[in-house]
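This is what each chain is made of:
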Amino acid sequence: MYAVVYYLREREGQSVVEKEFHGGEVFRLRRNALRYVLELVQSDYREKGYATEPMVGGIFCYKSEKTSNGERKISTIRIKVEKA
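Our subject in this report is the structure included herewith. This one's a predicted model, so the numbers in the text were calculated from it and none came from an experiment. (Residues numbered from 1 in each chain as written. Predicted model: local features only at pLDDT ≥ 70, side-chain atom pairs only at ≥ 80, totals over all residues. Heavy atoms only, no water.)

As for the sheet that holds strand 3 (residues 51–55)
Rule in force here: Two strands are counted as paired when DSSP detects at least two bridges linking them. Note on conventions: DSSP H or I runs of at least 4 residues are helices, E runs of at least 2 residues are strands, and numbering of each starts at the N terminus. Interaxial angle, 0 to 180 degrees, is taken between N-to-C directions of lines fitted to C-alpha atoms, where a helix line uses only the stretch in contact.
Pairing is antiparallel in the open sheet, where five strands are placed in the order 2-1-5-4-3. The open sheet has two edge strands, strand 2 (15–27) and strand 3, and neither has a second partner. The sheet shows a mean angle of 15 degrees between the axes of neighbouring strands, taken without regard to direction. The pairing of strand 1 (residues 2–12) with strand 2 spans 10 bridges and is classified as antiparallel. Looking at strand 2, one finds that E10 is bridged to V17.

Structure representation (structure tokens):
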């Protein structure tokens, strides 16, 4: 069984927040899990304004925006298919 795992890292100014969570999607075959991530999840994050890049075993999403107080907020998300 293979699960989709999300690794989130947000940096705003000097503060860094890192989180890891399982998306709840479980697949029997790795091929099906990768197809799900590369097609459906990647298009969802592109619609949300993230730049996406395929990597081995998943995708990398990146978004940089300016907050109301003038600081830069950088969000990076690694979405990987891992053995459950």
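Here's the deal with the pairing of strand 4 (residues 58–66)
Pairing analysis gives five bridges linking strand 3 to strand 4, with the strands arranged antiparallel. Bridge pairing in strand 4 links P54 to I59. The antiparallel hairpin formed by strand 3 and strand 4 contains two residues in its connecting segment, where G57 sits at a positive phi of about 85 degrees. In the sheet, strand 4 pairs with strand 5 (residues 72–83) via nine bridges, with the strands oriented antiparallel. Residue pairing across strands places Y62 opposite T76, the latter belonging to strand 5. Between strand 4 and strand 5, which pair antiparallel one after the other, the connecting turn spans five residues, and G70 there sits at a positive phi close to 90 degrees.

Details of the packing of aromatic side chains
What counts is decided by this rule: Classification of ring pairs rests on two measures: the distance between centres of Phe, Tyr or Trp rings, Trp counted by its six-membered ring, which must be within 6.5 Å, and the angle between planes, read as stacked under 30 degrees, edge-to-face over 60 and tilted in between. In this scheme, a residue with accessible area under 20% of its type's maximum is buried, one over 50% is exposed, and one in between is partly exposed, where area comes from a 1.4 Å probe on protein chains only. Distance and angle both matter: a charge sits over a ring if NZ of Lys or CZ of Arg is within 6 Å of the ring centre and within 35 degrees of the ring normal.
Going through the model one piece at a time under the given rule, you end up with three aromatic pairs. Ring plane angle 80 degrees and centroid distance 5.3 Å describe the contact between Y45 and Y50, whose orientation is recorded as edge-to-face. By relative accessible area, Y50 is classed as buried at 15%. Cation over ring: K48 sits above Y45, and NZ or CZ is 4.8 Å from the ring centre. Lying over the aromatic face of Y50, K63 brings its terminal NZ or CZ to 5.3 Å of the ring centre.

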